Each structure stands twice: as structure tokens, then as C-alpha cells.
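Structural description and commentary
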Amino acid sequence: DAKTTQPPSMDCAEGRAANLPCNHSTISGNEYVYWYRQIHSQGPQYIIHGLKNNETNEMASLIITEDRKSSTLILPHATLRDTAVYYCIVRGGYNQGGKLIFGQGTELSVKP
Amino acid sequence: DAGITQSPRHKVTETGTPVTLRCHQTENHRYMYWYRQDPGHGLRLIHYSYGVKDTDKGEVSDGYSVSRSKTEDFLLTLESATSSQTSVYFCAISDGATEFFGPGTRLTVL
């Protein structure tokens, strides 16, 4: 599974969009990009995942560059409850033995 | 939230004693996982299961064993607990596309 690089920390003003970057330059064609977050002492929470196309759900949007070497998670209107550590993970499919390998993530602080 | 429970939620034990943590799901998902989380290391995979009686090792499996005799239950056993196994343990389940995590078990080995 390819490695990812994320900034260790970011700040965002409440009500503004939070844009969290992730680099995954060694990603291979059959690997997905997953995003999870972990609010202090709770279990990680699934946010979104994608392969090639941009994805959107009720929580966030995932923008993947055309060469797939980087992606951005967008929280459109950040609230104080979005303060958490955000993990960008690249993994292969389950039929290829792909597993979630967590790095250090980005600690997002949403401020009033 | 996915139907995952972990028991116990907190446990304090002494070095050398056996400990079993239980993960129970109500989703009938095929895949189940055990992770541990420690400061400075993030989440690390201990063991996982592809189905009943079908398990495999993760990256930090030494000192741990697992069993899955029913789809809904995945047990993690520390045969002889050591202080280095003090950690927060998370169970996860997957439908083959996404993993969902339980609330965690905080284990302290004195």
C-alpha cells in the first residue's frame, strides 16, 4: 500500500471550508484513497473514499488530481465538532489484501 | 453508526495474567479487525479475519492471539499480559468497501 504525506496540523475558522491536502505520489492504479477522522479518544470515523473521480457525500467532498498523486478533503462549512485528527490512507482492494495503514494524520483545529 | 460493541470498555490487570477482549457486531460483515493505538504510533493492525475460523496476522501480532467461531464475534487474547500491551484497542468491521470502528477498550497492565 502506498504511503501518504499530510501536514501535521491546520487551523480553520468556524463556518469556513476546511481543505485538507494529502500527497500519495506512489499510488498505483488499483489503489483507493480513503479518509477517516478521529475525535479525541473515540474510534476512527469513516468519511469518504474514491478511486479516480471526485466524490461527495453528506460529510465532505474528495477531490483527486488527474494524475492521482494527490487529493484534497473538503469540509464545506467547518464546525467546532469537526476538530479532529484526519487520516488520508491509500489502500488496495479487499480482494488484493488491501488494509488500512494509518499514518500520523493532520490535526485540524476549528476555531470560533 | 455501525453495530459494533466492545467489551470490556476499560480494564486494569496485572502483568502475567490472561486477558480476553471481545468485539461483537450485528451487521453480519465478513471482515473483522483488531488495532491498537499508542501515543506516537497511531493505529496499528494486530490481527484480522476474513470469515469464521479464518484469521491472519497484522503488523504487531506478537503476544496476541485471536479467534472467530461465529460471524458476529472476534476475540483478542493476551495469553500473558505485559506492560507494553497497555494501550487502547479498537475493533473494526468491514462490508468489503469500508471499515467501521468500535468505541475502543482501554487496557492498563500494571
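This section reports on the structure supplied with the text. Note that this is a predicted model, so its numbers are computed, not measured.

Section: the overall build of chain B
Looking only at helices and strands, one finds zero helices and 11 strands in chain B. Taken from N to C terminus, the helices and strands of chain B fall in the order β-β-β-β-β-β-β-β-β-β-β. In terms of C-alpha radius of gyration, chain B reaches 13 Å, essentially the compact-globule figure of 13 Å for 110 residues. By sequence separation, contacts in chain B at least 24 residues apart represent 54% of the contacts at least 6 residues apart. As displayed, chain B offers around 5100 Å² of accessible surface, 47% of which is attributable to carbon and sulfur atoms. Counting 11 positive and 13 negative side-chain charges, chain B places the averaged centre of each group 4 Å from the other.

Considering the interface of chain A and chain B
The partner chain B presents 22 residues to the 18 residues of chain A that form the contact. Counting the surface lost from both chain A and chain B, the interface buries some 1500 Å², and carbon and sulfur atoms represent 55% of this. Applying the counting rule to chain A against chain B returns one salt bridge. The residue B:Glu99 makes a salt bridge to A:Arg91 at a minimum N-O spacing of 3.3 Å. There are four residue pairs in polar contact (both at pLDDT 80 or more) connecting chain A and chain B. Mapped by element, the contributors of at least two residues to the side of chain A that touches chain B are β3 (32-38), β4 (45-50) and β8 (84-91) of chain A. If one sorts the elements of the side of chain A that touches chain B by residue count, β3(A) sits on top with three residues. A class-by-class count of the residues in the side of chain A that touches chain B yields nine nonpolar, seven polar and two charged.

A closer look at the sheet that holds strand β2 (residues 18-23) of chain A
All names here are of chain A. Strand order in the open sheet formed by four strands is β2-β7-β6-β5, with antiparallel pairing between adjacent strands. Edge positions in the open sheet fall to β2 and β5 (55-56), since each of these has one partner strand only. The pairing of β5 with strand β6 (residues 61-64) spans two bridges and is antiparallel. Counterpart to Glu55 in the pairing with β6 is Leu62.

Some points on the nonpolar core
Of all hydrophobic cores here, the largest spans 21 residues; its most connected members are A:Trp35, A:Leu73, A:Tyr86 and A:Leu108. Contributions of two or more residues to this core are made by β2, β3, β4, β6, β7 (70-75), β8 and β9 (106-111) of chain A. Ranked by the residues each element gives to this core, the list is headed by β8(A), at four residues. Excluding residues within four positions of it along the chain, A:Tyr86 makes contact with A:Gln6, A:Leu20, A:Trp35, A:Tyr36, A:Arg37, A:Ile47, A:Leu73, A:Leu75, A:Gly105, A:Thr106 and A:Leu108. Membership of the second largest hydrophobic core comes to 19 residues, among which are B:Tyr64, B:Leu78, B:Ala81 and B:Ile93.

Some remarks on the packing of aromatic side chains
Scanning the entire structure with this criterion turns up 14 aromatic pairs over all chains. Measuring from ring centre to ring centre gives 5.7 Å for A:Tyr36 and A:Tyr46, while their planes differ by 70°; the resulting arrangement is edge-to-face. Note that A:Tyr36 is positioned in strand β3 and A:Tyr46 in strand β4, a separation of 10 residues in sequence. This pair shows no difference in class: A:Tyr36 is buried, exactly as A:Tyr46 is. In textbook terms, an aromatic cluster arises when at least three aromatic residues are bridged by ring pairs, as seen for A:Tyr36, A:Tyr46, A:Tyr87, A:Phe102, B:Tyr31, B:Tyr33, B:Tyr35, B:Tyr48, B:Tyr50, B:Phe100 and B:Phe101. Stacked on the ring of A:Tyr34, the Lys or Arg A:Arg91 has its end atom at 5.3 Å from the ring centre.

As for the state of the cysteines
Across all of its chains, the model carries two disulfides over all chains by this definition. Linked covalently through their sulfurs, A:Cys22 and A:Cys88 form a disulfide whose S-S length is 2.1 Å. Judged by the sign of its S-S torsion, about -80°, the bond between A:Cys22 and A:Cys88 is left-handed. You can see A:Cys22 sitting in strand β2 and its partner A:Cys88 sitting in strand β8, a full 66 residues away along the chain. By the burial criterion, A:Cys22 is buried, and A:Cys88 matches it. Note that B:Cys23 is cross-linked by a disulfide to B:Cys91, the S-S spacing being 1.8 Å. In this structure, the disulfide formed by B:Cys23 and B:Cys91 twists by about -70° around the S-S bond and is classed as left-handed. With B:Cys23 in strand β3 (residues 19-25) and B:Cys91 in strand β9 (residues 87-94), this residue pair connects regions lying 68 residues apart in the sequence.

Each value, and the rule that gives it
Residues numbered from 1 in each chain as written. Chains lettered and ligands numbered in written order. Predicted model: local features only at pLDDT ≥ 70, side-chain atom pairs only at ≥ 80, totals over all residues. Heavy atoms only, no water. Helix = DSSP H or I, 4+ residues; strand = E, 2+ residues; numbered from the N terminus. Rg over C-alpha atoms; globule rule 2.2 N^0.38 Å. Contact = heavy atoms within 4.5 Å. Areas by Shrake-Rupley, 256 points an atom, 1.4 Å probe, with all protein chains shown as cover. Lys, Arg positive; Asp, Glu negative; His and termini not counted. Charge placed at Lys NZ, Arg CZ, Asp CG, Glu CD. Buried area = accessible area lost by both parts, 1.4 Å probe. Salt bridge = Lys/Arg side-chain N within 4 Å of Asp/Glu carboxyl O. Polar contact = N/O pair within 3.5 Å; in protein donor to acceptor, adjacent residues only side chain to side chain. Nonpolar A, V, L, I, M, F, W, Y, C, P; charged D, E, K, R; others polar. Pairing = 2+ DSSP bridges. Core = buried A, V, L, I, M, F, W, Y, C linked by side-chain atoms within 4.5 Å. Buried < 20%, exposed > 50% of the residue type's maximum accessible area, 1.4 Å probe, protein only. Phe/Tyr/Trp six-rings, centres within 6.5 Å; stacked < 30°, edge-to-face > 60°. Lys NZ or Arg CZ within 6 Å of the ring centre and 35° of its normal. Disulfide = S-S within 2.5 Å.

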